[in-house]
Amino acid sequence: MSQKRFTLAELPEGKTATIGEVDLQTPIGRRLLELGFLPGTPIKATFRAPLGEPLAFEIRGFHIGLRQCEAALVALKHDTDGK
Amino acid sequence: MANKPEKFLFLVGNPNTGKTTIFNILTGQHAKVGNWPGVTIERREGRFEFAEEEGILIDLPGTYSMNTLGNDEKTVGLILDELEKGIVLNVVDAGNLERNLVLTLQMMEMGIVPIVIFNCSDELKAKGFTLDSVSFEALTGCKCILTNGRTLEGFDSLRALIAESLRHWNPRRNSYSNISLDWVKKLSSFLAEKDSEWKALSPAQKLKKLANLDEIPESFDFSVFQNLVQSSSVCWRNSLKNGIEFLCFGRFHEISRLLKACLAPLQVKKSDENHSLDRILLNKWLAFPIFFTVLGIIFWTTFSLGKFPSSWIGTFLGNIAEYLRGILPKTILTELFLDGVWAGISGVLVFLPNILILFFCLVILEDSGYLARGAFLLDRVMAWFGFQGRAFVLFLMGIGCNVPALLASKMIESPVQRIRFFLLIPLVACSARLPILTCLVGIFFPSFPGLMLFFMFFLNFLVVAVVAMLLFKIWPDSRSDFFLLELPPYRIPSWRNFLPMFIEKIRHFLEKAGTVILLGTIVIWVLNYFPQETEFSQDFDIEISKLRQMPFDASIQKKIDKLLSQKEKEKISGKFLARFGKAVVPLFEPLGFGWREAVSLIPGFLAKESIVSTLTVLYSPVDGDLGAAMKKEGMTAPSALSLMLFSIFYVPCLPTLGMIYRESKSFRITLLALIIPGMLAWCISFFFYRIAIFCGF
């Protein structure tokens, strides 16, 4: 598991993954946690804006847009995503 | 009866829950908008009356978490402690219970027991569930009610419920004793054990303690927390690292338990079709064409269609003025009233159609959920300039007219971004700058007018972009200024929100901006009226009457016209306004302006459209050929270029300035919004004037 961190920012459109950890050093990370970005929660990448950013995700039944740098604060678990 | 203390009700909830609609339904249509004492958070209040009970309903800004109720800790604390004095109505989006209930739980942790309003109950049904309010009340100790803002379902019971709690008024009943929710009880008893004062703390103090849980020394044993959250959930694998993780886990754990107990599946299960619209509206290829078409339509209706009612109002008021001029005695008071006050009032009222149409469109855009999509699409671009995606719409509207764009500036949530917006918007060339541009382009650049106009607007865009980036460098967003871009479900906008919003916006505009505009108009009038007696170079009246006695022919008429305009010109140039203009000419000489240009910029401050008309009066061209007259007096292509650039940037018009002052509530920012464009304008004009001369135009 010592591979490079796999984050939400790299999750391809249409794929679902499980949240591993949220960087709590930033206020953004803490806010995401409050919204339910908890370790173990499934999250789906739904859209990428035509200009490459932001990215839209579906989590716990709601849809949210995050900028690349914000999405990178959320680490994903490796084993999920089907492959 | 009259001196009973006021009873306060607070509407709290996530954004996009239909909170505003509920506020409008409960209060009728009379909202008073002000600020929380001492801070710049908007506070909308209205009167609630039902069954002989009354209270004051206060709508709080939509928030996902109590921690972000205001823009800093002090503000949050201030609002929270206020909450304790009244009863909280917590609006919950029934279509999205899990995330919405976080706020509910957060309040309960602080000892606030809200009345829970499950709004958009139809969306819960669409998802295939019903909510058992009896078990919800039993588990949480909160009264709850299901409503639907569109069909008004549930509102009678809601009114009765509120009236009931007003009758048995006891905000202090808010205590843990009502709550049977495991999580809250255990948490509070746990914290009370650690901290003997816990129960006596105010909600704000409690919030602070909870938020700082992870600042507890390392010796603190978090394993106690772990026992609290039963590790039954599958996702619960990591050991808890700190307090905030613990809190969030605990809340979601408890919410899922709560929902399991309260939600019953319906027989008919429908799939959630709502977000499939995004497949088209956020499609890689279609998204931008659709979005710009929508914006184009809004822009066109606001400014092209809005032009008609605006000019009707202008003509109507003008006709009344002419009528009054005919019947009133010719005194200085009459002139003050007609040319100062009345002109000022018309100057204010002509903005109303634009404002109304724009806000009508914005409400549809916002309530339907499409604005969030637009913000999503353009976020990348706006981020370069330090703005949220939705600010794009405001800048675009600014091209039409700065005033309504400013009136809508609440759309930008971040206070720092708002300040940058206030300083930038005067630089955005609004359509009122067009007359002077087209006029000068036609006269001095007849071979390539279109190209020249394009160059002007392109340069304008560049300047706005560069200044935006500079301001972003100087005033960056603070780290906590982070705004979640929720993509809410698509909904049909509620017509109930239009009338109250119209009334609110109109009142705002008239009260604050209107008074500034009116005052400014009167001041300019006074400066342009006095001194009364002018020393003419010749006695025009005698000359004219001499000419009139001669046998009439075309050349005589021409001579009379020339004398008349000559007289008008001398009259104007004797006034304080023109004297002032002449006094500041040295300042403009490096830019290639004569005194007429300098003077014409002053009425341009009232409304940029009037630069051309003032120039026409000051030059009083023979045959109405302004171009020939200007060229004769020494205006050249470079100085025309310089004048165009200067008039694009120089100062925000008075209405814009009034709006900036009203929205920022800061004298300093208003002053900056006046000075920055002025200095920029001078530098840009000077630069291009010199370049144009150098290139030998």
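Residues numbered from 1 in each chain as written. Chains lettered and ligands numbered in written order. Predicted model: local features only at pLDDT ≥ 70, side-chain atom pairs only at ≥ 80, totals over all residues. Heavy atoms only, no water.

**With respect to the overall build of chain B**
A tally of helices and strands in chain B yields 32 helices and 10 strands. Buried positions account for 53% of the 697 residues belonging to chain B. Carbon and sulfur atoms make up 64% of the accessible area of chain B, which totals about 31,600 Å². (Helix = DSSP H or I, 4+ residues; strand = E, 2+ residues; numbered from the N terminus. Buried < 20%, exposed > 50% of the residue type's maximum accessible area, 1.4 Å probe, protein only. Areas by Shrake-Rupley, 256 points an atom, 1.4 Å probe, with all protein chains shown as cover.)

**Observations regarding the interface of chain A and chain B**
The interface is formed by 35 residues belonging to chain A together with 46 residues belonging to chain B. Of the roughly 3,600 Å² buried between chain A and chain B, counting both surfaces, carbon and sulfur atoms make up 63%. When residues of chain A are sorted by the area they lose upon contact with chain B, Arg31, Glu34 and His63 of chain A head the list and together hold 19% of the total. One salt bridge in this structure joins arginine 67 of chain A and aspartate 379 of chain B, with 2.5 Å as the shortest N-O distance. (Contact = heavy atoms within 4.5 Å. Buried area = accessible area lost by both parts, 1.4 Å probe. Salt bridge = Lys/Arg side-chain N within 4 Å of Asp/Glu carboxyl O.)

**What to know about the pairing of strand 4 (residues 62-66) of chain A**
All names here are of chain A. The element strand 4 is extensively covered by neighbouring structure, given that 5 of its 5 residues are classed as buried. Across the two faces of strand 4 the burial is the same, with Phe62, Ile64 and Leu66 and His63 and Gly65 all buried. Where strand 3 (residues 55-59) lies against strand 4, 5 bridges are found, and the strand directions are antiparallel. From the neighbouring strand, isoleucine 59 faces strand 4, where its bridge partner is phenylalanine 62. What sits between the antiparallel neighbours strand 3 and strand 4 is a turn of 2 residues, in which arginine 60 has the positive phi angle 50°. (Pairing = 2+ DSSP bridges.)

**Brief notes about the side chain of lysine 19 of chain B**
Residue and element names in this part refer to chain B. With respect to the element layout, lysine 19 can be found in helix 1 (residues 19-27). Taking the relative accessible area as the measure of exposure, lysine 19 reaches 7% and is therefore buried. A polar atom in the side chain of lysine 19 sits 2.6 Å from the side chain of aspartate 59. Look past the residues within four positions of lysine 19 in its chain and what remains in contact with it is Leu11, Val12, Gly13, Asn14, Asp59, Leu60, Pro61, Gly62 and Val91. (Polar contact = N/O pair within 3.5 Å; in protein donor to acceptor, adjacent residues only side chain to side chain.)

**Some thoughts on helix 8 (residues 203-211) of chain B**
Residues and elements named next belong to chain B. Restricting attention to buried positions, one finds in helix 8 the residues Pro203, Ala204, Lys206, Leu207 and Leu210. With its buried residues spanning 160° around the axis, helix 8 presents them on a single face. Summarising the contacts, the buried residues of helix 8 are in contact with helix 2 (73-83), helix 3 (97-109), helix 7 (182-194) and helix 10 (243-262). (Arc of directions from axis to C-beta.)

**Here's the deal with the packing of helix 30 (residues 637-649) of chain B against helix 32 (residues 667-694) of chain B**
All names here are of chain B. Where helix 30 contacts helix 32, the two axes come as close as 8 Å, and the packing angle between them is 160°. Relative to helix 32, helix 30 is oriented roughly antiparallel. Crossing geometry of helix 30 relative to helix 32 is assigned as right-handed. Residue-level contacts link Pro638, Ser639, Leu641, Ser642, Leu645, Phe646 and Phe649 of helix 30 to Pro677, Ala681, Trp682, Ile684, Ser685, Phe688, Tyr689, Ala692 and Ile693 of helix 32. The class makeup of the residues in the contact of helix 30 with helix 32 is 13 nonpolar, 3 polar and no charged. (Axes fitted to C-alpha atoms, helices over the stretch in contact; angles between N-to-C directions. Parallel < 35°, antiparallel > 145°, perpendicular 65-115°, else oblique. Left-handed = near helix turned anticlockwise from the far one by under 90°. Nonpolar A, V, L, I, M, F, W, Y, C, P; charged D, E, K, R; others polar.)

**Topic: the sheet that holds strand 2 (residues 42-48) of chain A**
If you trace the 6 strands from one edge of the open sheet to the other, you get 5(A)-1(A)-2(A)-3(A)-4(A)-10(B), paired in antiparallel fashion. Each edge of the open sheet carries a strand with a single partner, namely strand 5 (74-76) of chain A together with strand 10 (485-486) of chain B.

**Topic: the pattern of salt bridges**
Residue and element names in this part refer to chain B. Summed over all chains, the structure comprises 28 salt bridges over all chains. For glutamate 109, the salt bridge identified is with arginine 251, shortest N-O distance 2.8 Å. On the criterion of sequence distance, the pair formed by glutamate 109 in helix 3 and arginine 251 in helix 10 is long-range, its members being 142 residues apart. For the pair shown, glutamate 109 and arginine 251 are each scored as buried. Between arginine 257 and glutamate 254 there is a salt bridge whose closest N-O contact spans 3.0 Å. Here arginine 257 and its partner glutamate 254 are both found in helix 10, 3 residues apart, which amounts to about one turn of the helix. Residues joined by salt bridges that share partners form a network here, namely Lys7, Glu53, Glu164 and Arg167.

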